[in-house]
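Residue-level structural notes
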Amino acid sequence: MTRTAPARPAAATDAPQHSALVSILVDVVAPIVIFYVLRGVGVGQVLALLAGAIAPAVRTIYVVVRHRTLDAIGALTLSVIGLTVVTSLLTGDARFALARDGVITAVVGIWILATLALARPFIYTFSTAFMGAAERASWEECWGRSSKFRHGMRVHTVIWGVGMILDSAIRVIMAYTLPVDSVPLLNGIQYAVLLVALFAISFAYSRATGLVPGSPHYPAKPKRR
């Protein structure tokens, strides 16, 4: 598995469910399946792990070619995969290849926290990327008038950034302490646990602070014409 970053929208008009599903299948499921299939036919640990990185790398390159742009996460993914392939082949270290997941997740977490210094934090920009024009306008209006909403978006961003960094530490520890053949599957399970935990914490915070639909501090739902 290559990374645990939230699924990046391929384009503002793409359905979020489709984008997220493709990201999970290609970035999480495919590497695990490839690893265990290759291990089952006798391929070594290092080569099986590196082969699993092909699917996420191909997907990233496809997005770059299709949209003619390379964002920071895409550049990070390709760079770390390339570095891991070269280093792992030279050293034969399967654990280093496994630790790649933790490195990427840590950088993603740091990047999420860094967006707190921008005009709009990560959670706001990521959420609105999947919205239509009317809904984005509603969010922008709420951002302009409600300091509580702005604070909430920043708190959610902190939750996800810190969560990613903590998750990366666990991945690196597992890579260097657990049996190599068990780590890819555990990484996949951890991916699901991470998302459920982050969504649960974010939901609990929203409920506790009143940042829910219908609240004056939450974007109004656009009326249907």
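Residues numbered from 1 in each chain as written. Predicted model: local features only at pLDDT ≥ 70, side-chain atom pairs only at ≥ 80, totals over all residues. Heavy atoms only, no water.

Our next topic: the UniProt feature "transmembrane region" (unreviewed entry) in the protein chain. According to UniProt, the "transmembrane region" (unreviewed entry) feature falls on residues 20-38, 44-65, 72-91, 103-123, 155-176 and 188-205. Along residues 44-65 one finds 91% helix and 0% strand; the C-alpha atoms at either end are 32 Å apart. Across residues 188-205, helical content stands at 100% and strand content at 0%; the span's end C-alpha atoms are separated by 26 Å. (UniProt positions renumbered as here; feature names shortened; annotations may be inferred. Helix = DSSP H or I, 4+ residues; strand = E, 2+ residues; numbered from the N terminus.)

Tyr124, Trp139, Phe149, Met153 and Trp160 are the most contacted members of the largest nonpolar core, which totals 24 residues. Going through the elements one at a time, helix 1 (16-40), helix 5 (94-114), helix 6 (122-128), helix 7 (133-145), helix 8 (147-177) and helix 9 (183-209) are the ones with two or more residues in this core. Membership of the second largest hydrophobic core comes to twelve residues, among which are Leu50, Ala94, Ala97 and Ala175. (Core = buried A, V, L, I, M, F, W, Y, C linked by side-chain atoms within 4.5 Å. Buried < 20%, exposed > 50% of the residue type's maximum accessible area, 1.4 Å probe, protein only.)

Attention shifts here to a nonpolar patch on the surface. On the surface, a nonpolar cluster with roughly 470 Å² of combined accessible area is contributed by Leu21, Ile24, Leu25, Val29, Val33 and Val37. Summarising the element assignment, Val33 is placed in helix 1. On the accessibility criterion, Val33 (45% relative accessible area) is partly exposed. (Patch = residues over 30% accessible without salt bridge, like charges linked within 9 Å, V, L, I, M, F, W, Y side chains within 5 Å. Areas by Shrake-Rupley, 256 points an atom, 1.4 Å probe, with all protein chains shown as cover. Salt bridge = Lys/Arg side-chain N within 4 Å of Asp/Glu carboxyl O.)

Before going further, it helps to spend a moment on the pattern of salt bridges. One pass over the full model with this rule turns up six salt bridges. Note that Glu140 and Arg120 form a salt bridge whose closest N and O atoms lie 2.4 Å from each other. With a gap of 20 residues between them, Glu140 in helix 7 and Arg120 in the loop between helix 5 and helix 6 connect regions that are remote in the sequence. Judged by relative accessible area, which is 23%, Arg120 ranks as partly exposed. Of the charged contacts, one joins Asp167 and Arg171 as a salt bridge, the two residues approaching to 2.6 Å between their closest N and O atoms. Residue Asp167 and its partner Arg171 are located together in helix 8, separated by four residues, close to a single helical turn.

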